[in-house]
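A look at the structure
Residues per chain are reported as follows:
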Amino acid sequence: MFEYQAKELLRRAGVTVPRGVVVAGDPTPADVAGLDEPLVLKAFGAGLVHKSDAGAVELGLRRSQVAEAASRMRAALAGRGVTAAGFLVEEQAAAGVELIVGVVRDPAFGPVLLAGLGGVWAEALRDTAVRLCPISEADARAMPAALRGAALLRGYRGRPGVDVDAVVKLLMTVGGPGGLWERLELGEFEINPVIAAPSGVVAVDARYLPAADGATASDAPATPEPPTASDAPATPEPPTASDAPATPEPPAGSGADFSALFEPRAVAVVGASTTRPNFGNMFLDFYRAAGMPVVAVHPEADEVSGVPAVRSLAEAAGVDYALVAVPAERCAGVVRQATGIPYTQVMSGGFGEAGRPELEAELLAAARAAGTRLLGPNCMGVYCPRGRQTFTGGGLGPPGTIALVSQSGGLAGEVVKVGERRGLAFSRVATVGNAADVTPAELLRWLSHDGETRAVGLYLEDPRDGRALYEALAATTLPVVLLVGGRSAQGRRAAASHTGGLVSDGRIWRALAEQTGATLVTSQDDLIGVLAFFQAHGSRAVTGEGVLVVGPSGGASVLAADAFDRAGAGLDPLPGEVLGELRELGLGAGSTLANPLEVPVGPRGRPELVPRVLAAVTRHRPYRDVVAHVNVQSFFTYGTAAEPLLGYARALAGAQHDLPGTRITLVTRNAECAPAGVEDEVRAIAAAAGMPVYRSMEAAAVAVAAGGRHGTA
């Protein structure tokens with residue numbers, strides 16, 4: 001659509017646009033007689049996407065200058081090989097803060113709303129906020145407030161603030177429930193700039209590129225309907241709600257019970273060899289070690305690696321889960337035999353991820369024909385200690401309450417093994433690879449109602465169905481920790497709008513987390529760390545607010561304050577009423593008592609001092625979180641025995657028992673300096689008291705901030 005047509009959509013939606021006229025030829029003084037000066041002249045036509053770059057905009061004109069300016073502009077455009085189909089002449093809007101508001105259809109997540117500083121600043125500063133549609137009023141207020149240039153909206157250097165309520169109303173009109181995003185065939189829709197002033201907002205420029213039939217700006221008609229000079233430009237009827245894209249069908253089995261996936265009666269393994277041990281043989285060994293009833297599938301052998309064998313999957317009786325590890329070209333044929341088997345995992349790669357989507361489509365069709373749900377392809381499978389399901393060696397860990405859904409089998413194996421080493425206990429782990437059938441969103445919906453699960457970690461690269469994932473995250477009451485791979489390398493750019501270029505994968509994932517309450521982390525270590533926090537403290541009903549950091553003096557306390565500030569967990573001042581009690585305990589001699597609170601902790605310190613300090617502080621202010629840090633190195637540089645450190649850990653565990661409404665977290669800085677086994681003893685003491693342990697203040701800050709964002713149990 002041309003600009004004047006896009007503006008008519010806005011006008012009908014209740015958005016203020018400048019008064020103007022549309023003229024097919026060159027405008028005459030009679031055409032613009034009803035408009036107030038100064039005036040803006042804009043050309044429109046096929047190929048005119050960014051008018052400013054093409055010299056198709058002229059500002060500050062008087063009525064008598066419009067005709068000459070149009071003739072000059074038409075000639076200049078012709079020199080560029082562009083034919084002006086007509087001109088839009090409008091009253092020039094008063095000065096204000098320029099904003100951009102746009103909607104673009106993301107391939108994974110659907111309609112996404114963007115708002116930020118507009119005009120030339122949109123690309124120069126990229127100061128924008130993003131939300132998935134539909135947005136709430138809280139989202140609409142948070143978006144402008146999150147901009148680095150938010151001070152311009154509030155009033156800056158003596159300039160008045162803008163009408164923020166009008167900005168919020170505009171955002172809701174475009175991206176809220178029942179907004180324009182529901183009635184447009186996106187494409188892209190962009191208002192840039194929007195002039196925000198104390199008196200309201202005016203949409204000065206607008207661009208709409210419908211996506212129906214792959215239409216682009218160059219497909220727009222060369223000549224619009226012959227317009228007449230009027231205050232309301234002629235325009236085609238806008239799209240209606242019935243024109244909106246049809247809602248995709250829910251995935252097959254979206255209400256499936258995944259119990260048999262994680263706790264099957266028996267497993268069949270296809271692809272193990274009698275002559276050259278391979279992945280199939282490895283899995284036979286894993287299942288035998290886990291005590292899972294398992295059968296091999298082999299076309300000739302009666303047993304493989306000591307496991308009874310049948311000739312085909314069709315002969316595997318009583319099996320709930322089949323693992324397929326044969327070359328990609330043979331997988332569909334094997335899966336067609338899985339009739340009666342609820343779940344089939346294809347470990348093999350070489351499908352869509354290898355540029356062969358036709359093989360993946362054939363595989364999915366085979367699963368549909370057999371009536372089995374497909375996990376993968378290109379995935380390692382399932383881990384569930386409670387159900388004797390495994391894809392790792394070294395035995396099963398203890399059953400627990402932490403679930404993980406990962407598109408990477410290798411990363412999932414690392415999280416399981418490293419996490420168990422640090423005390424995590426898993427309820428359900430599923431690797432989904434290409435997620436051709438069973439998706440992360442579907443698993444998250446089921447895990448949200450799983451009685452064995454209290455928190456969920458997600459590692460994703462391609463969400464497959466981003467809109468379903470968004471809805472599942474918004475619906476769950478469980479804490480969810482989200483690690484996304486490839487955010488910086490991806491990003492999408494649309495040729496015709498700033499919105500398309502500014503809405504990147506990284507911004508969308510941040511918006512997804514902010515809108516749903518999920519915690520977005522940037523490393524595997526933080527994924528494990530935040531899950532450990534929720535495992536330890538997830539069921540604790542906290543009573544206070546804020547974070548208190550206590551530990552030995554020095555630069556560590558200063559760095560701790562920086563770490564918590566970066567993580568978004570501010571450290572509030574100590575209550576004034578407790579300062580006298582703290583001095584009586586021997587704190588603050590020659591220094592100011594503050595948060596972080598310096599408490600001597602070391603080989604010659606009093607183990608009970610920190611618990612006494614916490615008891616005193618929380619009598620006056622019940623902090624939600626207390627982070628106690630200790631320099632492990634000092635215990636073995638100025639001492640030789642582990643007992644003082646273990647004694648401090650036991651004292652802190654006692655404090656956690658005495659303060660059930662406060663979440664205590666222990667940071668063992670420089671723990672590698674402890675003799676072998678000591679760190680494990682400290683972790684065991686802390687785990688028994690329900691306290692997570694971290695090796696760095698940065699890791700603890702990320703976890704504590706996540707706990708604060710999610711709230712109490």
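In case you missed it, the structure is sitting above this.
Below, the structure is looked at part by part. Just so you know, these numbers come straight off a predicted model, no measurement behind them.

**Details of the nonpolar core**
If you look at soluble globular proteins, the nonpolar side chains tend to sit buried side by side. Membership of the largest hydrophobic core comes to 104 residues, with the highest contact counts inside it found for Leu-458 and Phe-564. No other element matches helix H25 (residues 697-710), which puts eight residues into this core. Other than its neighbours up to four places away in sequence, Phe-564 contacts Val-547, Val-549, Ala-569, Gly-570, Leu-571, Val-627, Met-697, Ala-701 and Val-704. Judged by nonpolar contacts, the second largest core, of 43 residues, contains Leu-574, Leu-587, Val-613 and Val-617.

**Considering empty space enclosed by the protein**
Applying the stated criterion to the full structure yields three cavities of 30 Å³ or more. Here the largest cavity is characterised by a volume of approximately 50 Å³. For the largest cavity, the full set of lining residues is Leu-99, Val-101, Ala-115, Gly-116, Met-143, Pro-144, Leu-147, Leu-153, Val-167 and Leu-171. Those elements giving two or more residues to the lining of the largest cavity turn out to be strand S5 (97-106), strand S6 (110-117), helix H5 (137-145) and helix H7 (164-175). Of the residues belonging to the lining of the largest cavity, the class tally is nine nonpolar, one polar and no charged.

**Observations regarding the environment of Gly-79**
With respect to the element layout, Gly-79 can be found in helix H3 (residues 63-79). Residue classification places Gly-79 among the exposed positions, given a relative accessible area of 68%. Each C-alpha atom of the pair Gly-79 and Gly-45 lies 15 Å from the other, and the pair is 34 residues apart in sequence.

**Details of helix H1 (residues 3-12)**
Counting buried residues along H1, eight of its 10 residues qualify, which places the element largely inside the surrounding structure. Taken together, the buried positions of H1 are occupied by Glu-3, Tyr-4, Gln-5, Ala-6, Lys-7, Glu-8, Leu-9 and Leu-10. Immediately beyond the C-terminal end of H1, within one or two residues, lies Gly-14, with a positive phi of roughly 100 degrees.

**Notes on the pairing of strand S11 (residues 267-270)**
Burial along S11 is two-sided: the residues Val-267 and Val-269 and Ala-268 and Val-270 are all buried. Looking at chain direction, S11 and strand S12 (residues 294-297) are connected through four bridges and run parallel. In the strand pairing of S12, Val-267 is matched with Val-294. For S11 and strand S15 (residues 321-324), the ladder comprises four bridges, and the chain directions are parallel.

What counts, and at which threshold
- Per chain, the residues get numbers from 1 upward, laid out in the order the sequence is written.
- Residue-level local features of this predicted model are given only where pLDDT is at least 70; pairs of side-chain atoms are given and counted only at 80 or more, and the full residue set underlies all totals for whole chains, interfaces and linings.
- Where side-chain values are given, they derive from all heavy atoms of the structure, hydrogens and water being excluded.
- By nonpolar core is meant a set of buried Ala, Val, Leu, Ile, Met, Phe, Trp, Tyr and Cys residues that side-chain atoms within 4.5 Å join together.
- Per-residue accessibility, obtained with a 1.4 Å probe over protein chains only, is compared with the maximum for each type, and a residue is labelled buried under 20%, exposed over 50%, and partly exposed between these values.
- Only DSSP runs of H or I covering at least 4 residues are called helices, and only runs of E covering at least 2 are called strands; the numbering of each starts at the N terminus.
- The criterion used for residue contact is that any of the two residues' heavy atoms lie within 4.5 Å.
- For each structure, a 1 Å grid was placed over the protein atoms alone; sets of points admitting a 1.4 Å probe that cannot get out are labelled cavities, open sets with protein on both sides within 12 Å along at least five of seven lines are labelled pockets, and lining residues have an atom within 4 Å of a point.
- Grid points are joined across faces, edges and corners, and a volume is the space filled by probe spheres set on the points.
- For this classification, Asp, Glu, Lys and Arg are treated as charged, while Ala, Val, Leu, Ile, Met, Phe, Trp, Tyr, Cys and Pro are nonpolar and the rest, including Gly, are polar.
- Pairing between two strands is assigned when DSSP locates at least 2 bridges connecting them.

Keep in mind these numbers describe shape, not what the thing actually does.
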